[in-house]
Amino acid sequence: MPYWNFYFWTTLVITFIVTAIVVRLYPTAHVTEAYADGVTPQPEEVITGNRLSRAWQEALLASSASGNIGANVWRSTREGLHMVCNILPTIMSIGLFGMLMALYTPLFNWLGYIFYPFTAMMQVPDALVVAQALATSIAEMFLPAAFVVKAAIAVRYVVAVVCISELLFFSALIPCILSTTIPVSIPKLLVLWVERTILSIILAGAVALFFF
């Protein structure tokens, strides 16, 4: 807990930087900007003048149109519980499956060699173990943390950051994306996962080198 604020804000910055870079790489850089059929274009308004004043006015408009706070709290709680009931079985089942695969198969050990050069380059302690742990994040985003509970603080920091900033995992987000009409395939999502994980290792590793 003494590192919570440091972890939170550095993770926020690292995740933002990773996203800003990845959006300019394959495959997202090649995604068309054309609107889907039947969608009415609603381009973002270009703001000129005092941005802070405009942001304040927009916030006041959104607040005035938000409705009764009690009704909003009840609706959010109800919808949140509904979402939990829908997604918890997927997270638990795929997370357990991923844990069993990590413990009893060499799959994630093999995948870990993709990231090993980068964990080694950033001088992360137990670089191979960390790389193999991070490979499990494709199954469930928090799974790598289970393998480094007693590791050095630098290792725990890097893994904790990458768990968040890698973003893509099969227990929740990837099925959610695939259930939409967004034209994206699993191979492209896997490429994005590899890109985000590598960039996250480099940035988090640099922070760990400097502070730990």
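Bear in mind the structure is a predicted one, so any value in this text is a computation, not a measurement.

Novice: Go over the packing of aromatic side chains with me, naming the residues and quoting the values.
Specialist: This structure, assessed with the given rule, holds eleven aromatic pairs. Their ring planes at 50 degrees and their centres at 5.8 Å tell us that Trp-4 and Tyr-7 sit as a pair that is tilted. With Trp-4 and Tyr-7 both in helix α1 (residues 4–22) and three residues apart, this pair spans about one turn of that helix. Under the relative-accessibility criterion, Trp-4 is labelled partly exposed at 42%. The exposure class assigned to Tyr-7 is buried, which follows from its relative accessible area of 16%. Note on Trp-4 and Phe-8: the rings are 5.9 Å apart at their centroids and 45 degrees apart in plane angle, and the pair reads as tilted. One end of the pair, Trp-4, and the other, Phe-8, are both in helix α1, four residues apart, so they sit about a helical turn from each other. The class for Phe-8 is partly exposed, based on a relative accessible area of 36%. These aromatic residues form a ring-pair network of at least three members: Tyr-3, Phe-6, Tyr-157, Phe-210, Phe-211 and Phe-212.

Novice: Mind laying out the environment of Phe-211, listing which residues take part and the relevant values?
Specialist: Within the secondary structure, Phe-211 sits in helix α8 (residues 186–211). Taking the C-alpha atoms as reference, Phe-211 lies 8.6 Å from Ala-154; in sequence the two are 57 residues apart.

Novice: Lay out the layout of surface pockets in plain terms, naming residues and giving numbers.
Specialist: The space that makes up the largest pocket amounts to roughly 400 Å³. Considering the residues around the largest pocket, the lining is formed by 17 residues, among which Thr-28, Val-31, Ile-182, Pro-183 and Val-184 are closest to the centre. Looking at which element gives the most residues to the lining of the largest pocket, the answer is α8, with three residues. Taken together, the residues of the lining of the largest pocket sort by class into twelve nonpolar, four polar and one charged. The space that makes up the second largest pocket amounts to roughly 260 Å³. Met-1, Tyr-3, Trp-4, Tyr-7 and Ala-160 are the residues nearest the centre of the second largest pocket, which is lined by 13 residues in total. Of all the elements in the fold, those that place two or more residues in the lining of the second largest pocket are α1 and α6 (153–165). With six residues, α6 is the largest single contributor of residues to the lining of the second largest pocket. In the lining of the second largest pocket, the residues fall into twelve nonpolar, no polar and one charged.

What counts as what
- Residues numbered from 1 in each chain as written.
- Predicted model: local features only at pLDDT ≥ 70, side-chain atom pairs only at ≥ 80, totals over all residues.
- Heavy atoms only, no water.
- Phe/Tyr/Trp six-rings, centres within 6.5 Å; stacked < 30°, edge-to-face > 60°.
- Helix = DSSP H or I, 4+ residues; strand = E, 2+ residues; numbered from the N terminus.
- Buried < 20%, exposed > 50% of the residue type's maximum accessible area, 1.4 Å probe, protein only.
- 1 Å grid on protein atoms, 1.4 Å probe; cavity = no way out; pocket = protein on both sides within 12 Å on 5 of 7 lines; lining within 4 Å.
- Points joined across faces, edges and corners; volume = space filled by probe spheres on them.
- Nonpolar A, V, L, I, M, F, W, Y, C, P; charged D, E, K, R; others polar.

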